[in-house]
Amino acid sequence: MIESFEKAKAEMNEVGYLNLETKTNIDFAAEILKLKKEKNAIILAHYYQEPEIQDIADYVGDSLGLSYQAAEADADIIVFAGVHFMAETAKILNPTKKVLLPDLNAGCSLSESCSAEALQAFKNENPDHLVITYVNTSAEVKAISDLCCTSSNAKKIVDSVPLDQPIIFAPDKNLGAWIKKETGRDMLLWDGACIVHEAFSIDKLISTHQKNPNATIIAHPESEDHILKVAEYVGSTSGMIDYVKNNSANEFIVATEAGILHEMQKEVPEKKLIPAPSKENNTCACSECHFMKMNTMQKLYLCMKYELPEVMVSEETRLKALKPIQKMLDISAKQ
Ligand code: 13P
Ligand code: SF4
């Protein structure tokens, strides 16, 4: 294993893995398609991935859709073009498959904000509370949670809990506050946030709307309250795409990671999509998640070629983490 890893590293070096500026004449798209067939692999990609990765994926979706796809995948290898917690969830749901992530450092600020130790301490302080965690967490955090949720099913998951049951919601305080308002439930919120969604500027958003008065503002619930207040629709990435498709408006200001615009524009080529502006971004009007963008076509190719890096979860943690994820999928699937 060590030997093959060293060999892989050397070959990765040759094609510029450690120096991403290195030019190669490899046609990554063609090679990835070849490897996909040869190795019986499936590529799952999140909407925030770069356009070339989305275009080559077998399935592009939100966290919930990707979880269902991962659970049902019968390929030998699941290549997860997303961030670490997503690939880990795939491994938890489908443990006999090899799960690859093009860049193991593709993390998430929400996941980083909530360690299992800190959550356990918070649970100990509030022993009568049921713990609902957003899927943007590590397997260890899921393992000590009662239920998981994504942005597309958070309301349904919270509603499934008896009214007299107090809840801890972690780690996204913005999603938590929005759900709290939507459901009227009293929930203790963890103090975590998404660095991308917290970066939207309300002043710039209002001035963008003044310049585009016919545009409808739509936002992801990881955004701050003042952004959600001016949004006509709040929902997950898939929810936002469906809304733009089914709404009669022709212009939208989109407050989520800019990668979504690729799939959204494909769905509504005739509509004008404007990325919501960030607070400190003078060169580009959009917001990008640097974790999501760590995956590149080159790294996707290399990870499929060498079957590295692989995402692993200990069986003990996996079995514990599976429970709240499976409960979420079961509740979500109910009409
Ligand atoms: P959804 O795709 O589930 O809406 O989540 C967005 C997100 O933050 C993924 O990192
Ligand atoms: Fe995490 Fe935010 Fe990036 Fe999603 S967009 S992976 S929540 S940091």
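The model shown is predicted, which means the values in this text are computed figures rather than measured ones. (Residues numbered from 1 in each chain as written. Chains lettered and ligands numbered in written order. Predicted model: local features only at pLDDT ≥ 70, side-chain atom pairs only at ≥ 80, totals over all residues. Heavy atoms only, no water.)

Below, the discussion takes up the nonpolar core. If you look at the biggest cluster of nonpolar residues, it comprises 104 residues, and the most contacted ones within it are Ile32, Val79, Ile132, Met264 and Met304. No other element matches helix H15 (residues 297-306), which puts 7 residues into this core. Discounting chain neighbours no more than four positions away, the residues touching Met264 are Ile218, Met240, Ile241, Val244, Val254 and Leu273. Among the nonpolar cores identified, the runner-up in size contains 10 residues, and Cys114, Val131, Ile144 and Trp190 belong to it. (Core = buried A, V, L, I, M, F, W, Y, C linked by side-chain atoms within 4.5 Å. Buried < 20%, exposed > 50% of the residue type's maximum accessible area, 1.4 Å probe, protein only. Helix = DSSP H or I, 4+ residues; strand = E, 2+ residues; numbered from the N terminus. Contact = heavy atoms within 4.5 Å.)

Looking at chain direction, strand E11 (residues 251-255) and strand E12 (residues 272-275) are connected through 4 bridges and run parallel. The partner of Val254 across the bridge, within E12, is Pro275. In terms of handedness, the path from E11 via helix H14 (residues 260-267) over to E12 forms a crossover that is right-handed. (Pairing = 2+ DSSP bridges. Right-handed = clockwise from strand over helix to strand, strands pointing away.)

We now examine helix H16 (residues 315-333). Taking 1.5 Å per residue as the helical rise, H16 with its 19 residues ought to reach 27 Å, and the 26 Å between its terminal C-alpha atoms agrees with that figure. At Leu322, H16 shows its maximal kink, close to 30°; a proline, Pro324, follows between one and four residues later. Every buried residue belonging to H16 is among Thr317, Arg318, Ala321, Pro324, Ile325, Met328, Leu329, Ile331 and Ser332, and all of these are buried. Against helix H4 (63-72), helix H5 (84-93), helix H8 (139-143), strand E6 (147-149) and helix H9 (154-159) lie the buried residues of H16. (Expected span 1.5 Å × (residues − 1). Bend = angle between axes of the 7 residues up to and from the residue.)

To continue, consider the site of ligand 2. Tyr48, Val83, Cys108, Ser109, Leu110, Asn136, Cys194, Val196, Glu222, Cys289 and Phe291 make up every residue found near ligand 2. For the shell around ligand 2, the per-class residue count stands at 8 nonpolar, 2 polar and 1 charged. (Near = heavy atom within 4 Å. Nonpolar A, V, L, I, M, F, W, Y, C, P; charged D, E, K, R; others polar.)

Any two packed helices are characterised by how steeply their axes cross, that is the angle between the axes, and by the distance between the axes. Running from N to C, H5 and H16 point in directions that differ by 95°, and their axes come no closer than 9 Å. Taken together, the axes of H5 and H16 lie roughly perpendicular to each other. Along its contact with H5, which presents Thr89, Lys91, Ile92 and Leu93, the element H16 presents Arg318, Ala321, Leu322, Ile325, Gln326 and Leu329. Residues of the contact of H5 with H16, tallied by class, amount to 6 nonpolar, 2 polar and 2 charged. (Axes fitted to C-alpha atoms, helices over the stretch in contact; angles between N-to-C directions. Parallel < 35°, antiparallel > 145°, perpendicular 65-115°, else oblique.)

Here Thr133 is to be found in strand E5 (residues 130-134). At a separation of 2.8 Å, a polar atom in the side chain of Thr133 contacts the side chain of Ser145. Excluding residues within four positions of it along the chain, Thr133 makes contact with Leu119, Val141, Ser145, Leu147, Cys148, Cys149 and Ala170. (Polar contact = N/O pair within 3.5 Å; in protein donor to acceptor, adjacent residues only side chain to side chain.)

Bringing the sheet that holds E12 into the picture now. Strand order in this open sheet of 4 strands is E10-E9-E11-E12, and the pairing throughout is parallel. The open sheet terminates on both sides in strands that have one partner only, identified here as strand E10 (233-234) and E12. Strands strand E9 (216-219), E11 and E12 of the sheet are contacted by helix H11 (residues 202-211), whose axis makes an angle of about 170° with E11. Its contacts with the sheet place helix H13 (residues 237-246) against E9, E10, E11 and E12, and it is angled at close to 160° to E9.

Attention now moves to the packing of aromatic side chains. Inspection of every chain in the model, using the stated rule, returns 4 aromatic pairs. With a centroid separation of 4.5 Å and an interplanar angle of 10°, the aromatic rings of Tyr233 and Tyr243 are classed as stacked. Here Tyr233, found in strand E10, pairs with Tyr243, found in helix H13; they are 10 residues apart in sequence, far enough to count as distant. Between Tyr243 and Phe252, the ring centres sit 6.4 Å apart and the planes meet at 80°, which makes this aromatic pair edge-to-face. Take Tyr243 and Phe252: they sit in the same class, and that class is buried. Clustering of aromatic rings is evident, with ring pairs tying together Tyr233, Tyr243 and Phe252. (Phe/Tyr/Trp six-rings, centres within 6.5 Å; stacked < 30°, edge-to-face > 60°.)

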